[in-house]
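# A structural walkthrough
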Amino acid sequence: MNYTFDWSVVTNNFPRLLDGLLLTVEISVIVIILSMIFAIPVALLRMSKIEVVRWLAQLYIEIFRCTPLLVQLFWVYYALPTLTGITIPGTISAVIALTLNLTAFMAEAYRSGFQAVPPEQVEAGKMLRLTRFQQIRHIIVPQALKQQLPVIMSLDISLFKDTALVSTIAVADLMFTANKISTESYRALEILSVAALMYFLIAFPASLILSKIERNMMETGNVRGIRRKSLAAQMAPGTKVEVKP
Amino acid sequence: MSENSAAHTGTHRDIAAKSGDVLVSCRGLKKSFGDREVMKSIDFDMLAGDITVIIGRSGSGKSTLLRAIAGLTDPDDGTMTFDGEVVFEDSKRTPAWKQVDSHVGMIFQSYTLWPHMDVLKNLTLAPRKRLGMSESAALERAEKALAEVGMSDHIHSRPSELSGGERQRVAIARALMMRPKLLLCDEITSALDPPVAAEVLDVLRRLKEEEGIAVALVTHDMAFASKAADRVVFFHEGEIAVNATPDDAFNKAEDPELKKFIDAVRF
């Protein structure tokens, strides 16, 4: 390889890269928070006893699961203003499209978690005369979130990386900024490597935490309160094997 | 009985229907699931302060009756009264049901304590959110309820740290938090070892004797039924085949299906 690295392009443009990273993180945080909130009603509608409501919720989920995120992003940025006559700034478009997309995936994770809560626990809440909202708020959602935490975190990590797509609608995120600097400086290798490293330095610790949570859940059992010791711990000499249904 | 529990007893007696009054009355209750008729025009009365043991084979309609009384299942037809109020007629709950529903508690076979809360939170959630009790009042009531079931030392334990019998006793304490007049127990001891089951059943007997709480219990524990029950109700194929005192039911049983059932359970 006959290439001479010039890292000064990185040091000279580091504040710009940091600004881009900051916007990437901001978009990610906003989208994750909004999706985590909106996914709760969507998941509940998806489980509604009213067939039409259930279908509508499923239709929304399938549309956003079965079309490319890039198409969704372009549609919100370019097509939606044609439909509504309102021009939406790039960053807002990005937040809308990413939120709609992540909410669809998150709602399915929630639904799976809601359905994993034993019905007897909900009935116990009914017998204590908690309202439906109180049952959802205090019994179902906390357990579903805990149970689905690995899935939710995994979706969040994917979302963080997918925010790079917003560079295509001129949102000055990390990817857009890196691409711009590399075009200006002809130093794509240094700049894009550093950009990749920045994404990695945020996503990797989150991935490590995710792995630890998954390991912990496998060792200590699920959220139903049944503490399953690892097989090795159960088989240890002198260990009293406790069987709980 | 401690001073605290004596005070607690007094409060319960204030709100409980007078012992001997009809607490629950069901007439012509019917319920089908698809083509299967699980309750065929059930007539059933329960007196305040009584322990009624409900026995019968799986699918005979015992749990469906309990769930109907609890408000978890609506019968297809029939009427129900609770403490003198008509709570179900014309295939739906009446507005009176909302006035009395908190006086009906139910405990299930599987452990239904909420695993993400400790024992104290399990007990105080409903009184605080539903009855609007203050934190300190709910705590005081929780301490008394736990004392009644012998679980005071476990107030800050997580459900996962408790044995099966302890969880069921906490479930009883949780039901007591709403000051029930009636406790419905659906096979609550079937997953427990006999000595542990006996401890749990003993708690129910004390609640009846000390608090005047009526208990309807689906169980296969014939020893408990013969010693503690005021009435024994035998379900067979969606109908009440026998409704008698324990002595009449077990020692003078004439119903061939009940005889067969008792023999099958004993051996």
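Residues numbered from 1 in each chain as written. Chains lettered and ligands numbered in written order. Predicted model: local features only at pLDDT ≥ 70, side-chain atom pairs only at ≥ 80, totals over all residues. Heavy atoms only, no water.

### With respect to the sheet that holds strand E10 (residues 231–236) of chain B
All names here are of chain B. Overall, mixed pairing links the 6 strands, which are arranged E7-E8-E9-E3-E10-E11 in an open sheet. Here the strands that pair on one side only, and so sit at the sheet edges, are strand E7 (104–107) and strand E11 (239–244). Geometrically, the sheet is characterised by an average inter-axis angle of 20° between neighbouring strands, direction not taken into account. Across 4 bridges, strand E3 (residues 51–56) lies against strand E9 (residues 214–218) in parallel orientation. What sits directly across from Ile-51, in E9, is Val-215. Relative to the sheet, helix H2 (residues 62–70) contacts E3, E7, strand E8 (182–186), E9 and E10, its axis offset from that of E8 by approximately 145°. (Pairing = 2+ DSSP bridges. Helix = DSSP H or I, 4+ residues; strand = E, 2+ residues; numbered from the N terminus. Axes fitted to C-alpha atoms, helices over the stretch in contact; angles between N-to-C directions. Contact = heavy atoms within 4.5 Å.)

### Re the packing of helix H6 (residues 164–176) of chain B against helix H7 (residues 194–211) of chain B
Residues and elements named next belong to chain B. With their axes 9 Å apart at the nearest point, H6 and H7 run at an angle of 20° to one another. Taken together, the axis directions place H6 and H7 in an arrangement best described as roughly parallel. Where H6 crosses over H7, the two elements pack in a sense that is right-handed. Every residue of H7 that contacts H6 at Gly-165, Gln-168, Arg-169, Ile-172 and Leu-176 is listed here: Val-196, Glu-199, Val-200, Val-203, Leu-204 and Leu-207. (Parallel < 35°, antiparallel > 145°, perpendicular 65-115°, else oblique. Left-handed = near helix turned anticlockwise from the far one by under 90°.)

### Looking at helix H4 (residues 119–130) of chain B
Here H4(B) is 12 residues long and its end C-alpha atoms lie 18 Å apart, about the 16 Å a rise of 1.5 Å per residue gives. Within the sequence span of H4(B), burial applies to B:Val119, B:Leu120, B:Asn122, B:Leu123, B:Thr124, B:Leu125, B:Ala126 and B:Pro127. Packing partners of the buried residues in H4(B) comprise helix H6 (132–147) of chain A together with helix H5 (135–148) and H6 of chain B. At the exit of H4(B) stands B:Gly132, carrying a positive phi of roughly 70°. (Expected span 1.5 Å × (residues − 1). Buried < 20%, exposed > 50% of the residue type's maximum accessible area, 1.4 Å probe, protein only.)

### Concerning the packing of aromatic side chains
For any pair of aromatic rings, geometry is given as the distance between the ring centres together with the angle between the planes. Taken as a whole and judged by the stated rule, the model has 9 aromatic pairs over all chains. On the numbers, 5.3 Å between centres and 85° between planes, the contact of A:Tyr3 with A:Phe5 is edge-to-face. We classify A:Phe5 as partly exposed; its relative accessible area is 39%. Between A:Phe5 and A:Trp7, the ring centres sit 5.5 Å apart and the planes meet at 0°, which makes this aromatic pair stacked. A relative accessible area of 43% places A:Trp7 in the partly exposed class. Through pairs of rings, three or more aromatic residues link up here, namely A:Tyr3, A:Phe5 and A:Trp7. Here the guanidinium or amino end of B:Arg93 rests over the ring plane of B:Trp97, the centre of that ring lying 4.9 Å away. Here B:Arg174 stacks its cationic end above the ring of B:Trp114, 4.2 Å away from the centre of that ring. (Phe/Tyr/Trp six-rings, centres within 6.5 Å; stacked < 30°, edge-to-face > 60°. Lys NZ or Arg CZ within 6 Å of the ring centre and 35° of its normal.)

### Some thoughts on unusual backbone geometry
Residues and elements named next belong to chain B. The phi dihedral of Asp-90 is positive, around 50°, even though this residue is not glycine. Despite not being glycine, Glu-237 shows a phi value in the positive range, around 50°. Secondary-structure assignment places Glu-237 in the loop between E10 and E11. Accessibility expressed as a relative area gives 52% for Glu-237, which makes it exposed.

### Re the sheet that holds strand E4 (residues 77–82) of chain B
Strands in a sheet are paired, the pairing made by backbone hydrogen bonds, and the direction either parallel or antiparallel. Residues and elements named next belong to chain B. If you walk across this open sheet you meet the 5 strands as E2-E1-E4-E5-E6, and the pairing is antiparallel. The outermost strands of the open sheet, each flanked by one partner alone, are strand E2 (36–47) and strand E6 (92–93). Bridge analysis of strand E1 (residues 22–33) against E4 gives 5 bridges, and the strand direction is antiparallel. Within E4, the position partnered with Arg-27 by the bridge is Thr-79. Running at roughly 60° to E2, H2 makes contact with E1, E2, E4 and E6 of the sheet.

It is worth stressing that arrangement in space is one thing and function is another; only the former is reported here.
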